[in-house]
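For reference, the chains in residue letters:
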Amino acid sequence: MREVQKVSHFSDYLKPSQIVYDLKAKDKVGAVGELLDILAKKKLITNKKLILTRLIDRERLETTALGDSIAVPHARVDTGGEIAIAVGRSEKGIDFDSLDKKKVHLIILIVWNPSIPGLFNHLFAGLARFLRKPEFRQRSFEAKDKTDLYKVLSEIELRLPQEDRIISCAGLLKKLQEMEMRKRKATKKQKRALQHQTDLIREELDSSLISRFDRLMERYGFAVADVVDGACQGCNINLSTQMSSAIEGSNDIYICENCGKFIVASKKKKK
Ligand SMILES: [Zn+2]
């Protein structure tokens, strides 16, 4: 007998009642609060205040705006259940400190239980892959009511992340490296503050990613290298044209086939 692989969908975790079609809030904190109110009302969360703090802490670390008017605020907090999701749409748009400076029109808020660490990565990879498609984004922005928006979001399939690239967390991993390096020269007090932030990042990233990161840090003193003019700065070897053009301008993490370090797009502009 052939085994049928079960594909899970975003809608396994989202009901139409968890969607706010027209957010009243005008700023980031207000919008996150409004979505948490929905989750509290549906009894999907109990500790709104704590969760709000965690979500805002996470935003301060690095914006969760993915660009193209979409943000995915998230936090790992024990919710009692496994995962709680709420979606909000804003006609006017909300400032989320997005790197592309665009206002956010679609907010997907995710709170998940620390006891199931893999779930978020699984969910986020599927979500990010889907939200990158311009036609999908367009349809979600154009949805004419809550039911319509729910229908569009229901199409999202959740899959395990591909092995050759890790989606949408290059910025976060790079930040982790910077902080780990700063820790080496920091005073006790500075170390404590840095520790708090590195813990937040470590909680979010996949454990296999983190253990590879730690191994590289120990061995070479750094784990993440920029790609500049098509070459890995960790080993100065040119990447394949295909790989270097995939990396350019993306927030995904790849692995250098030559030196095995994580490689990410350089933020510096080419001369
Ligand atoms: Zn390399």
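Above: the structure in question.
> Report on the overall build of the protein, specifying residues and quantitative values.
Within the protein, the secondary structure is distributed over 9 helices and 13 strands. Rg of the C-alpha trace for the protein: 19 Å, near the compact-globule value of 18 Å for 271 residues, within the 12% margin. Evaluated residue by residue, the protein yields a buried proportion of 49% over its 271 residues. Contacts in the protein between residues at least 24 apart in sequence constitute 67% of all its contacts with a sequence separation of at least 6. As presented, the protein carries roughly 15000 Å² of accessible surface, and 51% of it is formed by carbon and sulfur atoms.

> Account for the pattern of salt bridges, with residues named and values stated.
Following the criterion strictly, the structure yields 15 salt bridges and no others. Residue arginine 58 is joined to glutamate 204 by a salt bridge in which the shortest nitrogen-to-oxygen separation is 2.5 Å. Note that arginine 58 is positioned in helix H2 (residues 48-61) and glutamate 204 in helix H7 (residues 188-204), a separation of 146 residues in sequence. Judged on exposure class, the residue arginine 58 and its partner glutamate 204 are both buried.

> Help me get a handle on the coordination of the zinc ion, residues and values and all.
The coordination sphere of the zinc ion, as far as protein atoms go, consists of Cys232 (SG), Cys235 (SG), Cys256 (SG) and Cys259 (SG), spread over 2.3 to 2.4 Å. In this structure, the zinc ion is coordinated by 4 donor atoms arranged in tetrahedral fashion, with angles at the metal of 106 to 113 degrees. As a motif over one chain, the donors of the zinc ion read C-x2-C-x20-C-x2-C. Of this pair, cysteine 232 sits in strand E11 (residues 231-232) while cysteine 259 sits in the loop between strand E12 (253-255) and strand E13 (262-265); the two residues are 27 residues apart in sequence, bridging distant segments of the chain.

> Before we move on, could you go through the side chain of aspartate 252 and cite the residues and values that matter?
Within the secondary structure, aspartate 252 sits in the loop between helix H9 (241-247) and E12. Residue aspartate 252 is classed as buried on the basis of its relative accessible area, which comes to 1%. Within the structure, aspartate 252 has its side chain in polar contact with the side chain of arginine 132 (distance 2.8 Å).

> Describe the packing of H2 against H7, with residues and values.
At their nearest, the axes of H2 and H7 sit 11 Å apart, and the two run at 100 degrees to each other. What the angle tells us is that H2 and H7 run roughly perpendicular. Residues Arg54, Asp57, Arg58 and Leu61 of H2 pack against His196, Gln197, Leu200, Ile201, Glu203 and Glu204 of H7. Grouping the constituent residues of the contact of H2 with H7 by class yields 3 nonpolar, 2 polar and 5 charged.

> Talk me through the packing of aromatic side chains; I want residue IDs and the actual numbers.
Per the stated rule, a full pass over the model turns up 1 aromatic pair. Ring geometry for phenylalanine 130 versus phenylalanine 136: centroids 4.2 Å apart, planes at 85 degrees, classification edge-to-face. Phenylalanine 136 carries the same exposure label as phenylalanine 130, and that label is buried. The ring of tyrosine 21 carries arginine 89 above its face, with NZ or CZ at 3.9 Å from the centroid. Arginine 212 extends its terminal NZ or CZ atom over the ring of phenylalanine 262, reaching a point 5.7 Å from the ring centre.

> Quick one: what's the story with the nonpolar core, residue by residue and with numbers?
Judged by nonpolar contacts, the single largest core of 28 residues is most densely connected at Phe10, Ile85, Val87, Ile108, Ile110 and Leu153. Of all the elements in the fold, those that place two or more residues in this core are strand E6 (83-94), strand E7 (104-112), helix H3 (117-131) and helix H5 (146-153). Top contributing element to this core by residue count: H3, with 7 residues. Residues in contact with leucine 153, not counting those within four places in the same chain, are Phe10, Leu14, Ile19, Val87 and Phe136. Counting 24 residues, the second-largest nonpolar core is a separate cluster that includes Leu36, Ala65, Ala75 and Leu109.

> Could you give an account of the pairing of E6, naming the residues involved and the relevant values?
Most of E6 is tucked away, with 10 of its 12 residues classed as buried. Note: strand E2 (residues 19-20) against E6, 2 bridges, orientation parallel. By the bridge assignment, isoleucine 19 is partnered in E6 with valine 87.

> Could you give me a rundown of the packing of helix H6 (residues 170-185) against H7, with the residues and numbers involved?
Two numbers describe how H6 lies on H7: the axes approach to 10 Å, and their chain directions differ by 150 degrees. In this view, H6 runs roughly antiparallel relative to H7, as classed from their interaxial angle. H7 is crossed by H6, and the crossing has left-handed handedness. Side by side, H6 and H7 meet where Leu172, Lys175, Leu176, Met179, Glu180, Arg182 and Lys183 of the first sit next to Lys191, Leu194, Gln195, Gln197, Thr198, Ile201, Arg202 and Glu204 of the second. Residue composition of the contact of H6 with H7, grouped by class: 5 nonpolar, 3 polar and 7 charged.

Here is what the cut-offs are and how they apply
- Residues numbered from 1 in each chain as written.
- Predicted model: local features only at pLDDT ≥ 70, side-chain atom pairs only at ≥ 80, totals over all residues.
- Heavy atoms only, no water.
- Helix = DSSP H or I, 4+ residues; strand = E, 2+ residues; numbered from the N terminus.
- Rg over C-alpha atoms; globule rule 2.2 N^0.38 Å.
- Buried < 20%, exposed > 50% of the residue type's maximum accessible area, 1.4 Å probe, protein only.
- Contact = heavy atoms within 4.5 Å.
- Areas by Shrake-Rupley, 256 points an atom, 1.4 Å probe, with all protein chains shown as cover.
- Salt bridge = Lys/Arg side-chain N within 4 Å of Asp/Glu carboxyl O.
- Donors = N, O, S within 2.8 Å, 3.2 Å for Na, K, Ca; no water.
- Tetrahedral: all angles 85-135°; square planar, octahedral: opposite > 155°, others 65-115°.
- Polar contact = N/O pair within 3.5 Å; in protein donor to acceptor, adjacent residues only side chain to side chain.
- Axes fitted to C-alpha atoms, helices over the stretch in contact; angles between N-to-C directions.
- Parallel < 35°, antiparallel > 145°, perpendicular 65-115°, else oblique.
- Nonpolar A, V, L, I, M, F, W, Y, C, P; charged D, E, K, R; others polar.
- Phe/Tyr/Trp six-rings, centres within 6.5 Å; stacked < 30°, edge-to-face > 60°.
- Lys NZ or Arg CZ within 6 Å of the ring centre and 35° of its normal.
- Core = buried A, V, L, I, M, F, W, Y, C linked by side-chain atoms within 4.5 Å.
- Pairing = 2+ DSSP bridges.
- Left-handed = near helix turned anticlockwise from the far one by under 90°.

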